[in-house]
Amino acid sequence: MPGMIAFGRRWGIASDDLVFSGSFELFVRVLWWIWTLALYTLHKGKFDCSGGRVLHSYLVVLLVLLAFIILSLCAIVYVSAQGTITNPGPRRSIPVLVYVRAMLYVPELIWAILGAIWVSDDSRGCEPAEVGAVIAAVVASWILLLSTGVGVLFVFDPLGSRLPGPPSQEQLGVRDLESSEGSQLLSTARSVAVRVWESRLRLLCCCLPQDESHRAAFSSIAQLVSGFFSDTDLVPSDIAVGLALLHQEQDKKEQCRDPDEVLSHSPSSPIAEDLEAELEKAAHCMQFAIAAYGWPMYVYSNPLTGACKLSGDCCKTQSAEYDIVGGDNMGCHFSSILHSTGLQYRDFIYVSFHNQIYEIPFFVALDHKREAVLVAIRGTLSLRGMSQAAGYIYKKLLNDGILNQAFTIAPEYKLVITGHSLGGGTASLLAILLRSSFPTLQCYAFSPPGGLMSKALAEYSKDFVVSVVLGKDLVPRLSYPNMEDLKRRILKMVSNCNKPKYRILLQGCWYELFGGDPDDFPTEMDRREEELSQPLLGEETLLIRGSSSYQSLASEDSPVHCAHLPLYLPGRILHITEDGPSRRSCFSQVRYRAEWSSETAFRSVLISPRMIADHMPDAVLRSLHSMTQDRPFNLCPSSLSNSHLNVI
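Keep in mind the model is a prediction, meaning the values are calculated, not measured.

Focus on the confidence of the model for the chain
Next up, step 1: Here the chain averages 76 in pLDDT, while 69% of its residues score no lower than 70.
Next up, step 2: In this model, residues 523-540 is a region of pLDDT below 50 whose contacts with residues beyond four sequence positions or in other chains number 41 contacts.
Next up, step 3: Scored below 50 in pLDDT, residues 631-648 shows 78 contacts in the model against residues more than four places distant or in partner chains.

Now the structure itself:
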């Protein structure tokens, strides 16, 4: 449903988004009205203090005002619950009701001010209970008014001003989309969108330094985000509905589909032995990848003992160490690395905590257990900056003689590069840069971002790169084609469903929390015999005509993967999934299975409560330890996940 038009601009909510907020305010207002009525009834005829007449008038007018507000809220909630997402006809009166509700804020504000004046000037001689009750009413009024102001800021769309524009696209025709006026209008809209998203990112990351490199990263991210949403007319609740419907649709398809054929190997087969060996190496390297995050991740992974273990090591006077460990003034980062890896100080060749957008922390150490010179890389903030970060580390390793120093100490060792998330993507790119100089190097990229390499480069990297992905992790499935395809499918789910939005959200929340059978949501096409009050809004109306997403709606068999060059995960892909029922109790045992997977299995985004949790480095490490040490782990959040791969 497109954003609601009110007060001459588009807002970040739709006409069917007022059910929950209106119901909550209605509940508060009804309780407030009952409480005020009880106060008035108890003190009726007893307002004999100096300001009693004013108090009597205040309560009477407050009761009447609250009654009008309650009636307006009842109307808003009832009308907002009518129709469906793409059938807004029954909700055409919502803007008028919003105007009426907004007008009632004026007398409410005036009465809150008068109540505050009475409490401060005319309450002398009155009963303390009466004064306290009025104070509570005044405070409640101001709280609700301020909450309303905050809510308005949340739904305010800086890009929603209704400026006069060219004639409709139906009148202009597709040919005029490429005219100079149309191009200038679209260019202006895109630049405004980029500036708005850049401001939002700066506000969200206000704790980061606002230097030139950070501003460049914010600008590049803003261009990605604004470009992705620029051709849609969706509000956040529409996206939430689409994700809820899509998740249940995926689960329903999974239940109806035969289990995917997996490579079943006997324990004695060479491929199984290769898989087991790779799991052992991956579990070992993951300790170094998680150590690169420093003390915050160490404390997060060890909430009971982490802070105590580091407290004795931080703030020590170790002048010799700081010649190596730059940017770690308290020494806590390096101490956490020592605890996480089990190495000694003398095993580290180079440790850098210099942290800029394209100059990221990493360390080089001698791993005597695996006889390797190990390079562990922390993630970076910018997707586009991974190649620049890989070039930065490449120059440091070679030009500064770091690798020469390491192999001078241990010439028989081999080079191993590792990292998690965007650090894993940087590690795989660095491995490709160093491959010609170190032909025997190996790289373990944990949860790397999708859309990283071309088909040829991904095939080339299979000889020395292993990507490890846990469950339904979102990040390895992030790419332009995947996200465009996800947007297209969300639009289709939203436009075809014939249930009210509030019902879909309630049922979706119940399904995510408690499970059950996926709901079989009928579509508007199932209601052809019913007379609709207004022509339906198809998915085309939610897109700018002529955009890539609009063109992709023409055919189910023409996915948006063709719009962009397909990009893939690096190297061989080791996919770890939960083995067993998809939903389990919090105290049940969790077992994992691992298998070699193809890059095509990550060409679609999987919707799941675990899509973010499976990306966390501690979750990846637990799953690897579970398989290599042959013992299950208790992992309560995984009870909400699905262990099978279901494709959108």
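Digging into the environment of leucine 441
Next up, step 1: Its location among the elements puts leucine 441 in the loop between helix 15 (422-434) and strand 8 (442-446).
Next up, step 2: Residue classification places leucine 441 among the buried residues on the basis of a relative accessible area of 2%.
Next up, step 3: As for leucine 441 and lysine 414, which are separated by 27 residues in sequence, their C-alpha atoms are 6.1 Å apart.
Next up, step 4: Leave out the neighbours within four places in its chain, and leucine 441 touches Leu415, Ala431, Leu434, Arg435 and Phe464.

Some points on helix 1 (residues 18-42)
Next up, step 1: The end-to-end C-alpha separation of helix 1 is 35 Å, in line with the 36 Å expected for 25 residues at 1.5 Å each.
Next up, step 2: Taken together, the buried positions of helix 1 are Leu18, Val19, Gly22, Glu25, Leu26, Arg29, Trp32, Thr36, Leu39 and Tyr40.

Considering the packing of aromatic side chains
Next up, step 1: One pass over the full model with this rule turns up 7 aromatic pairs.
Next up, step 2: Their ring planes at 75° and their centres at 5.4 Å tell us that tyrosine 460 and phenylalanine 464 sit as a pair that is edge-to-face.
Next up, step 3: A relative accessible area of 4% means that phenylalanine 464 is categorised as buried.
Next up, step 4: Three or more aromatic residues joined by ring pairs make a cluster, and in this case those are Phe334, Tyr345, Phe348 and Phe363.

Looking at a nonpolar patch on the surface
Next up, step 1: Side chains of Val106, Leu109, Ile110, Ile113, Leu114, Ile117 and Trp142 sit close together on the surface and give an oily, nonpolar patch of about 560 Å² of accessible area.
Next up, step 2: Per-element tally for the nonpolar patch: the top contributor is helix 3 (residues 94-122), with 6 residues.
Next up, step 3: Residue position: isoleucine 113 is located in helix 3.

Notes on the UniProt feature "transmembrane region" (unreviewed entry) in the chain
Next up, step 1: What UniProt calls "transmembrane region" (unreviewed entry) maps, in this numbering, to residues 26-43, 55-78, 98-119 and 131-156.
Next up, step 2: For the annotated span residues 131-156, helix accounts for 96% and strand for 0% of the residues, and the straight-line distance between the end C-alpha atoms is 37 Å.

Points about the pattern of salt bridges
Next up, step 1: Scanning all chains against the criterion turns up 20 salt bridges.
Next up, step 2: Notably, a salt bridge pairs aspartate 17 with lysine 501, separated by 3.0 Å at the nearest N-O pair. Of this pair, aspartate 17 sits in the loop between strand 2 (9-10) and helix 1 while lysine 501 sits in helix 18 (residues 501-514), and the two are 484 residues apart along the sequence. Exposure class is identical for aspartate 17 and lysine 501. Each is buried.
Next up, step 3: Note that aspartate 485 is salt-bridged to arginine 489, the shortest N-O span being 3.1 Å. Of this pair, aspartate 485 and arginine 489 both sit in helix 17 (residues 480-496), 4 residues apart, which is roughly one turn of that helix.
Next up, step 4: Residue class for aspartate 485 comes out buried when judged on its relative accessible area of 4%.
Next up, step 5: Among the ionic contacts, a cluster of salt bridges with common partners joins Asp16, Asp17, Arg91, Asp238 and Lys501.

Conventions we followed
- Residues numbered from 1 in each chain as written.
- Predicted model: local features only at pLDDT ≥ 70, side-chain atom pairs only at ≥ 80, totals over all residues.
- Heavy atoms only, no water.
- pLDDT = per-residue confidence, 0-100.
- Contact = heavy atoms within 4.5 Å.
- Helix = DSSP H or I, 4+ residues; strand = E, 2+ residues; numbered from the N terminus.
- Buried < 20%, exposed > 50% of the residue type's maximum accessible area, 1.4 Å probe, protein only.
- Expected span 1.5 Å × (residues − 1).
- Phe/Tyr/Trp six-rings, centres within 6.5 Å; stacked < 30°, edge-to-face > 60°.
- Patch = residues over 30% accessible without salt bridge, like charges linked within 9 Å, V, L, I, M, F, W, Y side chains within 5 Å.
- Areas by Shrake-Rupley, 256 points an atom, 1.4 Å probe, with all protein chains shown as cover.
- Salt bridge = Lys/Arg side-chain N within 4 Å of Asp/Glu carboxyl O.
- UniProt positions renumbered as here; feature names shortened; annotations may be inferred.

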